[in-house]
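# Remarks on the overall topology
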Amino acid sequence: MLARWKKRIEAYPEKFLLAESDRWYRTHYDVDMSGLEDEFNRSFIGALDPAIQKQVAYENAERLLERVGQ
């Protein structure tokens, strides 16, 4: 995943966010899988340029939610 997406994300960091979905839904939630998803996401974001990690981790999502709420 990193080899495929890193250059694209770092070229256009304002266009990407890393999100998890459907974890609250009972039939989709698994404790072990949840831990693996968290580990993957942290590792993936940690491998990006430090200057854009926060942007991809949560700032882009905050910006999107602000626009939706308007």
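Because the structure is a prediction, the values reported are computed rather than measured.

The rules behind these values
- Residues numbered from 1 in each chain as written.
- Predicted model: local features only at pLDDT ≥ 70, side-chain atom pairs only at ≥ 80, totals over all residues.
- Heavy atoms only, no water.
- Helix = DSSP H or I, 4+ residues; strand = E, 2+ residues; numbered from the N terminus.
- Contact = heavy atoms within 4.5 Å.
- Patch = residues over 30% accessible without salt bridge, like charges linked within 9 Å, V, L, I, M, F, W, Y side chains within 5 Å.
- Areas by Shrake-Rupley, 256 points an atom, 1.4 Å probe, with all protein chains shown as cover.
- Salt bridge = Lys/Arg side-chain N within 4 Å of Asp/Glu carboxyl O.
- Buried < 20%, exposed > 50% of the residue type's maximum accessible area, 1.4 Å probe, protein only.
- Phe/Tyr/Trp six-rings, centres within 6.5 Å; stacked < 30°, edge-to-face > 60°.
- Lys NZ or Arg CZ within 6 Å of the ring centre and 35° of its normal.
- Expected span 1.5 Å × (residues − 1).
- Bend = angle between axes of the 7 residues up to and from the residue.
- pLDDT = per-residue confidence, 0-100.

With that settled, the discussion passes to the side chain of N60. Tracing the chain through its elements places N60 in helix α3 (residues 53–69). If we ignore the near neighbours within four places in the chain, the residues touching N60 are P13, E14, K15, F16, L17 and Q55.

In this section: a nonpolar patch on the surface. A cluster of nonpolar side chains, namely L17, L64 and V68, defines an oily patch on the protein surface of about 280 Å² accessible area. The residue L64 is located in helix α3 in this model. Among the residues examined, L64 registers a relative accessible area of 47% and is labelled partly exposed.

Inspection of the entire model under this criterion finds 2 aromatic pairs. Stacked on the ring of W5, the Lys or Arg R8 has its end atom at 5.1 Å from the ring centre.

Turning our eyes to something else, we now look at α3. Compared with the 24 Å implied by 1.5 Å per residue over 17 residues, the 24 Å span of α3 between its first and last C-alpha is a close match. If you look at α3, its biggest bend is around 45 degrees, right at E59.

Let us look at the confidence of the model for the protein chain. One rule of thumb: low pLDDT means the predicted coordinates there are not for detailed reading. Residues with a pLDDT of 70 or more make up 86% of the protein chain, whose mean pLDDT is 86. Highest mean pLDDT in the protein chain belongs to helix α1 (residues 2–11) (93); lowest belongs to helix α2 (residues 31–46) (85).

Turning to its location among the elements, K7 is positioned in helix α1. Its relative accessible area of 73% is what places K7 among the exposed residues. Sequence separation of K7 and L48 is 41 residues, and the distance between their C-alpha atoms is 9.1 Å.

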